[in-house]
Each structure stands twice: as structure tokens, then as C-alpha cells.
Amino acid sequence: MAATAETATNSAEIGGLVARLSREISGEVLFDSFSRGRYATDASFYQIVPAGVVVPRSMDETLRALAIARDAGRKVTPRGGGTSQCGQTVNDGIVIDFSKYLNRLISLDVENKTCVVEPGLVLDDLNRQLRQHGLWFPVDVSTASRATIGGMAGNNSCGGRSLRYGTMRDNTLSMQAALADGTLLHFGEVPRDLAGVDAPASGVALFSDMLALGAREAGEIAERFPKVQRRVGGYNLDALVPRNAPNNMAHLLVGSEGTLAFTTKVELRLWPVIRNKVLGVCHFGSFYEAMDAAQHLVRLKPIAVELVDRTMIALGREIAMFQPIIAAAVRGDPDAILVVEFAEEDQDENLRRLKQLTELMGDLGFSWGNPPRKWGGVVEITEAPLQTAIADFRASGLNVMMSMKEAGKPVSFVEDCAVPLPHLADYTERLNAIFSKHGTRGTMYAHASEGCLHVRPVLNLRLDKDVKAMRAIAEETFAMVRDYKGSHSGEHGDGIVRSEFHEAMFGARITADFREVKQRFDPENVLNPGKIVDAPKMDDRALFRYPPDYRVGELKTVLDWSAFPGAGGGFQGAVEMCNNNGACRKLEGGVMCPSFRATHDEKDVTRGRANTLRLAISGQLGPDALASDAMMETMKLCVSCKACRHECPVGVDMAKMKIEVLAARVVTHGLSLRDRLIGYLPRYADLASRLAPLANWRNRSPLLRYWFERIAGISAARTLPAFRRDVFAPEAETSGPAGGREVVLFTDTFNRIYEPENLDAALRVLVAGGYRVHLPKPAQGNRPLCCGRTFLSAGLVDQARRELGRLVETYAPFAARGVPIIGLEPSCLLTLRDELLSLRSDEAAKAVSAQALLFEEFLVLEAEAGRLQLPLGAIAGKALVHGHCHQKSFGAFKQVAQALRLVPDLDVEIIESSCCGMAGGFGYGTETYQASMAMAELSLLPAVRKADAATLVVADGTSCRHQIADGTGRSALHAARVLALSLDCVNSNPAHTPAEGHHHG
Ligand SMILES: Cc1cc2nc3c(=O)[nH]c(=O)nc-3n(C[C@H](O)[C@H](O)[C@H](O)COP(=O)(O)OP(=O)(O)OC[C@H]3O[C@@H](n4cnc5c(N)ncnc54)[C@H](O)[C@@H]3O)c2cc1C
Ligand code: SF4
Ligand code: SF4
């Protein structure tokens, strides 16, 4: 295989290099095959395994790493979030990752609206820090949650609103950067005679040569550089030509993709935040008409004009959460809509422009009445929530499109060509013709205001014929773009995809100029070679993530992956879904990915894990990599929160994949004592309860704690949940009024053994609501029912299957009658909705799964159906609620707040938290304890500590409650307890007496 981790040399020379780097760099020096594999890809379709990776802690260390690599004759590639789409960040030298440590806002000048940042700072992070000052950095790339300023400058990135704010280049005031030889230079505005420039002589000479090149080539540049604003291909030679104002040398570095210098600081221009805006949704009966109209609509100076086509509208209509948005924003059956955004400071001005938009559309022949010459018109959107919903829909619609499971995928290579607006309609029509000529199709979305059309034709790059089609489409499209005097690289940069076409696009002379620039900056070709100049062929399959000899051998898997193609019953296809877009690297909002938020390591993010799995199953990490120690290390901090399943744009489900890894590990390495203790808990929990004082001895004895840590790897810093004798053990199998609506209450092991009062509370609430509650005895065997969760977390899939089998057999008769199966512990109950169906696909299992509901989900459904009648009394206080990750992943969290809001006077507040970090057995592990606490400290524990003593802290997860108790000393309650408390607050409440027919055993 041409470019795999296996083939990289591990010679004595590398050993010497690693030794020196490790001696002189305190940050991470990663030269093992797993780490190198994780840095071999970005959001492009390429893969080149680097010789090694350095994650420096300071700029000094960065420059030292650069010097050491250069001494060793190695190439160096700087990297931020690694979200480039054209292969900019893949190379076979040493990758230097700026994102982990070099991410500070160095200084901020609010008055002059400027700031200086380190290159690893993520855009959203910067904007979070600016918000309080009423400022923002407006190059709002779609990858704002993980794109770094250094990477954005490297690619000359553009946001959706570049019509007003321009590109990265337009907003970069100056840069500090290190040349390949280590010289640090300030790149900023300079007079053409360079008088007074503060730089060493070699720097002044470099600037002088560059300005001379600009003067020499001014004519050619004027002739050959496309005039569209969206031109990010090649070096920005136009920044060097003589002009009436000073030249800004930083603008040559912007867009240079790490090939000229290492950026060490960036000075940015900031803008006031947008306070007011309105949207006009322009409807068109044909796609062509929409594209043709864009050139006219921009005359009204909108801030953005975005296209949504028929396919995306149809997708939206199919998805429940988008249906109301489409209903509000879309009239009739348009072939395409253009969403026109006005965002002036004065809202009256925005409304005026909206009116003008309707008039202009009318002039173009699109108006709803009169009768229209052409079908179409404008829907005006002035309410902020609907505006946000439309933006969310646009983003998600694209994700839905990207989530196709078949082997062919939308591929980015002509994705961002830009043409002058008058040609946009013809261009799109001809582009569609090129796609169909080559047997493919693509859904289009465009920054219509700038003629930059986004489109990814669907291709399977493992097939030679599709690779040939890709090349042909690229050549024909770029030739067409050249005819229109457009830009073949309108947003995403050059990388490997576009660089070879520079000569065709700019001509031989400008291409030679590009080479001259590179040669003058980096004569030894150290910095990210093969990008912009002297690039390999874009269709060199040896450089692909799926090269011709890519194979996944037969794999034995334990779960059902049949929704996907490939080996292991589809496991291969599921793993390969990750397209490296990096959304899992976001640092705020949602849950994904808590382990990355705690460590900022590529190893600990969903993407890093998916890449490692892909390399492992395709044999690129050596034999038996799937069950290896290094794979366990990769999975170690995955808390199986299932957030990725929900939040990853293509639904990569790492928690489920981790079960495969654990199961493979059990087969090859057996079971550790800790996994045995955790996995088999449901089997011995009842016995331990009977012997509670003895079983809890470990918590009281420091010696035993120490001993447990040594032999079982359970952190001595942790208390274990205390066993108690009064477990939940009702005698009656049924409670509540005989004619009441039937429900089953699932008594999971954790609540049954450790916190029976939660089940008591739930039972009381349900009975008070008039429900007939069944607590059926197991159909098989005497031991209580169990969902198998703990077995799954230890990789004991057969045992989990057995437990689920007993549960299904017991509950199936109820499920067949449509009786809801209600549970309290999210991770247990939701196993019935999730893993159960990966283990069994029979009708009984499907019926049980379909009836499984969390307690609050049930109450909310009943309330919505007008059936819920609970005699709840007021609790004049506050409830602070933390959601369990699985509740969030399954869209079952908002119901917790809704259910709590049934309590009169209770003020319900949600904690914006990710995973609590406990995650079943994870928080107890000696080696994972620190990470567990770090996750909890990100937001959950500080929020709980801030709450006053009277506030009720609510958390439905057993683990979450334990973590809150360990971290803050406060007892959190299951929501069922709060509702039961509310029952107690009604003096005349007949449900005040304990529900009949049960007692604690
Ligand atoms: C789904 C998706 C949507 C996207 N949407 C947009 C969009 O709306 N607009 C847009 O413009 N792009 C978009 N992109 C492309 C990409 O996200 C952006 O170019 C982004 O700015 C890259 O940031 P990064 O931190 O990931 O950079 P990386 O990919 O890590 O690096 C980008 C380049 O900068 C260089 N570099 C990084 N750090 C330094 C440094 N310190 N010194 C010198 N060179 C450095 C790298 O070598 C590389 O050549 C999108 C990509 C994806 C996957
Ligand atoms: S795991 Fe999902 S979110 Fe993360 S990079 Fe892969 S596809 Fe993107
Ligand atoms: S399950 Fe959670 S911790 Fe594991 S990869 Fe997914 S988001 Fe990250």
C-alpha cells in the first residue's frame, strides 16, 4: 500500500529525531503508527501518513521543532483543525499541530476594533471572547466551531457573508511568521521603498524581491487573475503590485497554505456584531431563473444571498423538526429559493430593503399576484427565531445529504468554483450537463451573492471509473470556469486538488511566478511541499484515503451493522462514514465529544477514533490492531455518551463501535477484574445488598480502597455506590386503580439496588395519575430483569443478549398490547431503544423497543394527549437540571424540563453541560479518574457549586448523581422524586399515602 502507517520507516534516524524532539520539546512528540495515522487525513479524500507529529506547548517550542526537523532533512506541515477539503494538511514530513496549546487571544483593542491571536485559536472561541465587547470576527466559515485562525489564514477562508466582510485576507491586518530558516518576521503594511521597515536585512531583502516581482508582473497579474471576489487559488501576487496605498506583506502569506512560513501571530480586524436583520425568501419556478436573478438581487446590497434547491427543500419536508420551518418560509412548490439577508444597523432600513426586494422581484417578473408572468415571489421573515431556524435548516439539510450510507459519496473537488454573477445561471446548467455526461449528479447550494457554487457530485473513489470521471469532470469544469473568467478555487483553497491546474487557470508565466515566490521563501522546500506549486496529480490514487489496494478483510462483529455496506456485516461502511469534517472537535454546545473537550487530543475525538478504526480494519496498523493495547488507549476516554450518534453530521456512532472493540478485546485478552466487577454487577448486586455492611467496607477502609485500586484498577479517590438492604422489591405485581391505563415500570438494577426511593417515587406518581402499573416478574429465572447495559460496557455481548432476551420475553405480551414500558435510568431504558435492536431484530424485540419510554417522556406524551391528571402541589423554588448524555442523544431531554414544569411555581433551569464524566464505570477507573473529573469540571460541577442550598439539583442518571455528589457534596434527585415531592405538597392529595402493594425488601 503506497501511503500507509505500516510503510513509514522506523529507522535509527527516526529514533534519533524522536529522541532529540522529546528532549527539547515538552509538548507531545508522537511517532507511533496510531498517532501518525490520525494525522494522515483531513476533510479531503487524501491520505498521506506523516513521519511524526509534534504538538508544541509554546511558540518557542514550535520554532525549535521546525529547526530540529529541518536539521534532520524533514518537511514540516503546520496544522490547525485539519478541516481542509483539498488535502492542504496531509504530507509525509512532520505535522505540527497548533490547535491544542497555541490558542490564546493575545490582545484586544476594543476601540480600534483589532485583536492579536495565536494561530491555534478556534473562530467560535474567539467570537465567544469578543461578544461581551459587542464585536465579532465575521469570516464566518461553516466550520467555525473547530477552524483555527491560523488555518483560516492559511486557506484564505471566506464566510457566508463575505459580500460585506470579504475574505480572510481582507480582515488580516498583519502577521508574525517564521520562515523555514527560523527567521521571525513581521508581515504588515510597508511602503514600496521599504523605508523604516523593522526587519532584519534578510527580511527586508525578501520583501524587496517580492515587491519587485509584483511590479514586474503587474500587467500579467491584471490580465490573468480572475476578477471575482471569491479567488483563493495560488499565491496572492496581486497584493504585491504597485498601488497608491502601502502594500500589505501579510496578504501574500494569507492563502499560502503553510508553504511559505509558519504563522505565529495574526492581527485581525474586528466588526460590530449584527444586531438586526431581516430575510427575504425569494421563490423561483426554475433553478435557472434563481441563478439568473442573483446578479440583480445583489444591487440591494444584502449581506448574503444563499441558495436552497428543490432537493434540500424536499429533504426538509420529510424531517419532522423542519416541517414547520418549511411551512412558514416556503410557498408552493419552488424549484429553488434564494434566501436574501439584510443586516444594517437600522432595522427600518432593513425593512425598507425588504420592500424593495419584493418590488425588484416583481420587476423581474416574479410576484405572487397580478397575474405573474413567471411563478414566484418573496416571503418576508422578520422574526429572529424563524431566521435562526432557517439558518439551522440550511446547515442540517446539507448534513442529511452528506449522510448517505452507500459506498458512493458526495466528493469535494469542484465544490467551490466561483464565476461572475451574470454567468452563474449558464454555469450551473452546463455543470449539470457535465455531471450527467459522466453518469453522476450533485445537489447544489450556493453563496449566490458571490457566484460561488457549492456542489459535490456523488462518486465512489474506490472505483477506477469514478476516479476517471472525477478527473474528467474537474478538467471540463475548470475549463468552463476559465472561459467565464472565474476562479477554480473560490473558497476552499488549492491543496492537492487544485494546485496542478494553476497553469491552466493562470498561465505558465504566473505559475512560474508562484514557483519563484516559493523558492525565495523556502529554498530548501521544507514547508508543506507539493501544495500550490509542484503538486502531484489530483487523481494520483496512491495518495487517496482509499488507494487501489485498500482492503478490509472479513471481520467477525457482534452487533447488527446491516444498514451499511462492506465487511463485518457493514461495520466497515459505518466506520468509513467519517468524512473528517471535524464537527466533533467543537468545544461548546451539545455534548459531542466530551473526551476531546477534556484533553484537546486528536486521539480523544470521534474523528480520531473513527480514523484509527478505519486504519485498523484495513490492516494499516499491523495485525490484530482492533484488539490491541493502542486501540484500547484510543477508546479509553470514550465515555460511550452516544453524543456523536446524534450530533455528528453523518451519525458516526462511536459508542456502538466501542462495543465491537471491547468484544474483540475480550476474545483475545479475556476480562480484567474491574470489567468483571462492573459487567456482572446485576448478577451479584442482590447478594451484595444482603451483605451490605460487608460489601460497603471498601468505602470505609483506606487500606481496602488502596487494595482495590491495586488489584481492580478502581480509583481510591472514589466512593463506590453503597449497597443497602432495603432494595426495591414490591410484593404485588400490579399497583394502581384496576381500570387505569396500563403501564409497565422497568426496575433497573441501579435504581432498584442503590436508590429504591426513585422507583417508589415514580410508582407513587404513576398511581396518583390513575395508571395501572405492572411490575412483572421475570418470565425466565428468578433473578430480576436487567437491560444488559453493564455487560455491553465490558464487551460481554453474549451475556447482554441473554439478559435482553429475558427482558423481551417478559415484556413482549405487554408491548403487544401497546402498554408503555417506562424506565427511570436513561442508559438502561434507552438500551431497549438502541442496542436491543442491534442484537435482535425479531418482532417481539421491535415491539418492546417501540414501547420503551423514559418516565418524563411518558408524562409529557400523556399531558399532550390531555390524559395526564396529577394532583401536583406548588414548590416555590428552583430546579437546576443536568441532562444525561443518552437522553440528549435520543432527543429525550427536553421532556425532563417539560415534566418538571408541570410542578406549580417551580423555576426550572437547564445546565448547559456535556457529559458528567462518570459514564458508568468510566469515572471509577484509576487511569480515567482524572479525565472524568476534568469533564465534570468543564461546566456541570461549577454550575452546581454556584447554586444556592435551596435549589433542587436534578439529574436522572445514577452516574451523574454520583459524580455531582463526589464533586460538590450535593445530592441530586431523579425528576421522579421532584414530582413525588410535589404530590406531597398538596395537603389534601389522596396520593399522599404511599402507593399500595409494595415495600422495600
Ligand atoms: C463541512 C465543511 C465546511 C466548510 N466550510 C467552509 C466555509 O464556509 N468557508 C471556508 O472558507 N472554508 C470552509 N471549509 C474549509 C475549512 O474548514 C476552512 O478552510 C478552515 O478555515 C480551515 O481551518 P483549519 O483550522 O481546519 O485549518 P487546517 O485545515 O488545519 O489548515 C489549513 C491550511 O493552513 C495551514 N496552516 C495551519 N496553521 C498554520 C500556521 N500556524 N502557519 C501557517 N500555516 C498554517 C495548513 O498547513 C493548511 O495548509 C469547510 C470545510 C468543511 C469540511
Ligand atoms: S466523527 Fe463525525 S463529526 Fe467527527 S469528523 Fe467524523 S464525520 Fe465529522
Ligand atoms: S460516544 Fe461520546 S465520548 Fe465516545 S466518541 Fe462519541 S461523543 Fe465522544
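Residues numbered from 1 in each chain as written. Chains lettered and ligands numbered in written order. Predicted model: local features only at pLDDT ≥ 70, side-chain atom pairs only at ≥ 80, totals over all residues. Heavy atoms only, no water.

**Student:** Got a minute to help me understand the site of ligand 1 in this structure?
**Tutor:** Around ligand 1, the surrounding shell holds 34 residues, and the nearest of these are Pro78, Gly80, Thr83, Ser84 and Thr148. One of the side-chain nitrogen or oxygen atoms of Ser84 is found 2.6 Å away from an oxygen atom of ligand 1. Between His492 and ligand 1, the recorded distance is 3.4 Å, taken from a side-chain N or O atom to a nitrogen atom. Elements that contribute at least two residues to the shell around ligand 1 include exactly strand E3 (76-79), helix H5 (149-155) and strand E12 (262-269). Broken down by element, the residue count for the shell around ligand 1 peaks at five residues, all from H5. In terms of residue class, the shell around ligand 1 is built from 10 nonpolar, 21 polar and three charged. (Near = heavy atom within 4 Å. Polar contact = N/O pair within 3.5 Å; in protein donor to acceptor, adjacent residues only side chain to side chain. Helix = DSSP H or I, 4+ residues; strand = E, 2+ residues; numbered from the N terminus. Nonpolar A, V, L, I, M, F, W, Y, C, P; charged D, E, K, R; others polar.)

**Student:** Explain unusual backbone geometry to me, please; I cannot follow it from the model alone.
**Tutor:** Of all residues except glycine, most have a negative phi; of all peptide bonds, most are trans. Residue Met592 is joined to Cys593 through a cis peptide bond whose omega torsion reads -10°. Structurally, Cys593 is set in the loop between helix H20 (571-576) and helix H21 (594-599). Phi is positive for His600, which is not a glycine, with a value near 60°. Examined against the element boundaries, His600 turns out to sit in the loop between H21 and helix H22 (606-617). Residue His600 is classed as partly exposed on the basis of its relative accessible area of 24%. At Ser640, a position not held by glycine, the phi torsion is positive, near 55°. Here Ser640 shows up in the loop between helix H23 (629-636) and helix H24 (643-647). (Buried < 20%, exposed > 50% of the residue type's maximum accessible area, 1.4 Å probe, protein only.)

**Student:** Help me understand the site of ligand 2 in this model?
**Tutor:** Neighbouring residues of ligand 2: 13 residues in total, closest Cys578, Asn581, Gly582, Cys584 and Cys648. Most atoms of ligand 2, that is more than half of them, are within 2 Å of grid points of the largest cavity. Here the shell around ligand 2 is built from residues that sort into seven nonpolar, five polar and one charged. (1 Å grid on protein atoms, 1.4 Å probe; cavity = no way out; pocket = protein on both sides within 12 Å on 5 of 7 lines; lining within 4 Å. Sits in = over half its atoms within 2 Å of the grid points.)

**Student:** I'm lost on a nonpolar patch on the surface in this one. Help?
**Tutor:** Where nonpolar side chains cluster on the molecular surface, the patch consists of Leu687, Leu691, Leu694 and Trp697 and spans about 430 Å² of accessible area. One can find Leu694 in helix H28 (residues 692-695). (Patch = residues over 30% accessible without salt bridge, like charges linked within 9 Å, V, L, I, M, F, W, Y side chains within 5 Å. Areas by Shrake-Rupley, 256 points an atom, 1.4 Å probe, with all protein chains shown as cover. Salt bridge = Lys/Arg side-chain N within 4 Å of Asp/Glu carboxyl O.)

**Student:** Please clarify how H22 should be interpreted in this entry.
**Tutor:** Since one α-helical turn is 3.6 residues long, residues separated by three or four positions face the same way. When the terminal C-alpha atoms of H22 are compared, their 16 Å separation across 12 residues agrees well with the 16 Å that a helix rising 1.5 Å per residue should span. Burial within H22 is extensive, with 12 of its 12 residues counted as buried. Downstream of H22 by a residue or two, Gly619 has a phi angle that is positive, lying close to 75°. (Expected span 1.5 Å × (residues − 1).)

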